[in-house]
Amino acid sequence: MALKASVLYDFTAETGNNELSVQEGEILTITNQNVGGGWVEARNSRGNVGLVPEDYIEVNHGSSQVSATHDAHSQGYNNSSANTQGVNGNEAFTATTWSNNNPADNWNYTEQEPAGNNGSVYSFDEEWDDDSDDGKSTGGYGGSQTEEGGTMQRGGGHSTMKIALNKFPGFSKTPNPELYLLTKHIAKGNDTLPIYAGEVGPVWLYPQIPLDCVVADPKKGSKMYGLKSYIEYQVTPNTTNRPVNHRYKHFDWLYERLVEKFACALPIPCLPDKQVTGRFEEEFIKIRMERLQGWMSRMCRHPVISNSEVFQLFLNYRDEKEWKLGKRKAEKDETVGVKIFSTIDPELPEIDPTQVEQKFETYSQFSRSMDNSVKELLAVGNLHWKRCTGPLQKEYRQIGKAFQNLSSVFNTSGYQRESTLTEALTATGKTYEEIAEMVAAQPKKDLHFLLETNNEYKGLLGCFPDTIGVHKAAIDKVKEADHLVTMSKISQQDKHTMEKNLSTMSYALQAEMNHFHSNRIYDYNRLMQFYLEEQVKFYETIAEKLKKALSQYTTM
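Residue numbers here run from 1 along each chain, matching the order of that chain's written sequence. With pLDDT at 70 or above as the cut-off, local features in this predicted model cover only qualifying residues; side-chain atom pairs require 80 or more to be listed or tallied, and sums for whole chains, interfaces and linings still use all residues. As a convention, hydrogens and water are excluded, and side-chain values are obtained from all of the structure's heavy atoms.

Participant: For this particular structure, what's the right way to read the overall build of the chain?
Facilitator: Broken down by element type, the chain carries 14 helices and 15 strands. For the chain, buried positions account for 49% of its 556 residues. Here a residue-residue contact requires only that any non-hydrogen atoms of the pair lie within 4.5 Å. Across the chain, every contact between residues at least 6 apart in sequence was considered, and the portion connecting residues at least 24 apart equals 75%. A total of about 27,700 Å² of accessible surface is found on the chain, and carbon and sulfur atoms cover 50% of it. The secondary structure listing takes helices from DSSP runs of H or I that are at least 4 residues long and strands from runs of E that are at least 2 residues long, numbered from the N terminus. Between buried and exposed lies partly exposed: a residue is buried under 20% and exposed over 50% of the maximum accessible area for its type, with that area taken using a 1.4 Å probe on protein chains only. Where accessible areas are quoted, they stem from the Shrake-Rupley method and a 1.4 Å probe; at the residue level, only the protein chains shown are allowed to cover.

Listed below in structure tokens is the structure:
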């Protein structure tokens with residue numbers, strides 16, 4: 001008996017991609033469940049056959065095949081997410097697979113790509129045929145979740161799926177700094193992360209030659225005999241000038257590895273979101289590439305991340321064998337979560353726990369305040385963009401039309417000496433119509449970069465509560481030390497070890513905040529200069545047009 005499924009959400013097929021457009025409430029017949037990549041092949045009531053996202057449909061209840069299909073699907077995802085489980089076991093929570101916000105805003109794209117690769121130089125395919133690109137967002141730490149693991153649903157539907165709760169490794173609902181605080185033997189060697197006294201306070205060791213890379217040359221590839229397509233980007237580091245090819249899912253893998261290893265000490269901003277439909281449109285690819293460039297540039301600028309083995313692997317692997325070996329090694333790395341602090345070696349005197357708490361409060365308050373300000377600027381900027389392309393553009397057009405209508409009325413008077421005036425009025429009206437088009441086009445020239453940078457900082461600041469939360473938990477544990485000594489649960493030496501390690505954590509936070517502030521000042525100084533320069537050009541051009549219109553009127 002053929003398996004039937006109900007369509008939960010409308011889906012528009014991509015042209016030439018063997019997909020099937022479906023509408024909510026439609027009943028489909030499943031013709032192939034083993035397509036993979038989060039897709040199934042189905043036939044509609046009209047006999048049309050094509051691929052449909054698995055998360056857009058719900059297999060009708062009552063069939064003995066339903067449970068098996070769902071279990072296999074969940075198992076496939078859990079296997080691909082195994083490395084994100086961390087040290088806390090297999091806790092999971094139910095979350096949305098994706099959310100499709102208003103694409104007109106251009107700031108909340110959600111994307112997914114099917115799996116595959118075109119076999120380009122320095123690219124790979126084997127071991128990547130999992131579900132990480134099939135429409136099931138890997139999310140990353142910082143995603144919405146309930147205290148105990150909750151349920152979030154896509155608007156208008158009831159489809160849910162399980163993903164790993166512990167996207168922030170070393171965490172289980174709350175940070176567990178004890179894994180590090182009672183560590184007596186600090187790791188030494190090549191993996192040591194030194195901190196020095198700089199002009200502004202504790203700083204990381206910066207490389208002599210700053211790392212950078214270029215994300216460019218997006219190309220469409222396909223797999224599964226052309227059934228599925230994807231976009232691959234060329235990433236070229238300045239250290240080798242040798243390009244490597246990566247798909248979005250590879251960036252996502254790198255993001256998860258960085259979160260797993262560093263997120264307890266360093267805020268790791270999320271990647272650009274995933275999206276199901278429109279992922280092959282030229283404008284989307286352009287925006288996606290621009291955002292990946294921004295994310296990679298920020299990672300390159302971080303002295304710890306840019307020098308990490310996994311990041312260097314991502315930029316510099318020479319062949320498939322080297323990539324696979326490096327990938328396996330990165331996924332087996334045990335120095336993750338709070339254990340990363342054991343590699344930090346501050347060449348600075350120990351800090352008193354009271355001073356540690358004071359610095360923590362300063363950083364915590366600043367990050368919250370900046371987060372609110374960035375969100376406010378984004379809201380105002382997006383509103384202004386909409387006004388420029390909507391009511392404001394319309395108003396300027398109406399003013400121009402009104403001047404031209406007045407000129408037409410004057411022309412009917414029959415008075416012989418007003419041709420100069422009517423021509424000037426007509427020119428003025430056309431000037432305002434030109435200004436209307438300028439107003440609508442201007443946000444792409446200046447506001448776009450202002451919003452993109454602030455959107456990037458919004459994502460970065462969204463990581464701070466969890467990263468700073470590790471330090472808060474550590475401070476609370478050290479505060480309990482005297483009581484624990486009294487209860488004979490720890491020794492006086494253990495207490496001193498905790499205070500010393502808390503001091504190391506504080507130096508790591510100070511070094512990270514100094515890095516953040518340095519980048520913030522550089523970014524916003526450059527950004528505001530560019531924005532205001534473009535605004536000056538904009539208003540100067542308008543002023544020149546108005547002066548030209550003014551010159552056509554005679555002095556009486």
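Participant: Would you explain the sheet that holds strand β1 (residues 3-7) in this entry?
Facilitator: When DSSP finds two or more bridges between two strands, those strands count as paired. If you trace the five strands from one edge of the open sheet to the other, you get β4-β3-β2-β1-β5, paired in antiparallel fashion. Both edges of this open sheet fall to β4 (49-53) and β5 (57-59), since each of them pairs with a single strand only. On average, adjacent strands in this sheet sit at an angle of 45 degrees to one another, irrespective of strand direction. Sheet topology places β1 next to strand β2 (residues 27-36); four bridges connect them, and they run antiparallel. Looking across to β2, one finds that Leu3 is bridged to Ile30. Every angle, taken between N-to-C directions, lies between 0 and 180 degrees, and every axis is a line fitted to C-alpha atoms, over only the stretch in contact when it is a helix.

Participant: Just checking my understanding: could you explain the confidence of the model for the chain for this structure?
Facilitator: In regions of low pLDDT, the predicted coordinates are not meant to be interpreted in detail. Each residue gets a pLDDT score, which is the predictor's confidence in that residue and runs from 0 to 100. A residue-level look at the chain finds 74% of positions with pLDDT of 70 or above and a mean pLDDT of 79. Counting contacts from residues 63-174, a segment whose pLDDT is below 50, to residues more than four positions away or on other chains yields 280 contacts.

Participant: I tried to follow the packing of aromatic side chains on my own but got confused; where do I start?
Facilitator: Each aromatic ring pair is characterised by the separation of its centres together with the angle its planes make. Paired rings are identified among Phe, Tyr and Trp, the last through its six-membered ring, by centres lying within 6.5 Å, and are further divided according to the angle between planes into stacked (under 30 degrees), edge-to-face (over 60) and tilted (the rest). The tally for this structure, following the rule as stated, stands at 15 aromatic pairs. Centre to centre, the rings of Tyr396 and Tyr432 are 6.2 Å apart; their planes meet at 20 degrees, and the pair counts as stacked. Taken as a pair, Tyr396 in helix α9 (residues 391-411) and Tyr432 in helix α10 (residues 419-445) lie far apart in primary sequence, 36 residues in all. With a centroid separation of 5.2 Å and an interplanar angle of 85 degrees, the aromatic rings of Phe449 and Phe530 are classed as edge-to-face. You can see Phe449 sitting in helix α11 (residues 447-461) and its partner Phe530 sitting in helix α14 (residues 492-550), a full 81 residues away along the chain. Here the aromatic cluster, defined as three or more aromatic residues joined through ring pairs, consists of Phe251, Trp253, Phe314, Tyr317 and Trp323. A ring is scored as having a charge over it whenever the NZ atom of a lysine or the CZ atom of an arginine sits within 6 Å of its centre and within 35 degrees of its normal. Above the face of the Phe262 ring, Lys261 is positioned so that its terminal group lies 5.8 Å from the ring centre. Lying across the ring of Tyr457, Arg298 places its NZ or CZ 4.7 Å from the centre.

Participant: Just checking my understanding: could you explain the nonpolar core for this structure?
Facilitator: Nonpolar side chains in soluble globular proteins tend to end up buried together. Buried Ala, Val, Leu, Ile, Met, Phe, Trp, Tyr and Cys residues that are joined via side-chain atoms within 4.5 Å together make up what is termed a nonpolar core. With 81 residues, the main nonpolar core has Trp204, Leu254, Leu258, Ile268, Met296, Phe311 and Phe341 as its most contacted residues. Ala5, Val7, Ala42 and Leu51 belong to the second largest nonpolar core, which has 19 residues in total.

Participant: What is the right way to read unusual backbone geometry from this model?
Facilitator: What is expected of a backbone is that most residues other than glycine have negative phi and most peptide bonds are trans. The phi angle at Asp217 is positive, at roughly 50 degrees, despite the residue not being glycine. By the secondary structure assignment, Asp217 is in strand β12 (residues 213-223). Classification of Asp217 as partly exposed rests on a relative accessible area of 35%. Although it is not a glycine, Ser488 sits at a positive phi angle of roughly 65 degrees. Considering the arrangement of structural elements, one finds Ser488 in the loop between α13 (481-486) and α14. Ser488 gets classed as exposed once you look at its relative accessible area, which sits at 64%.

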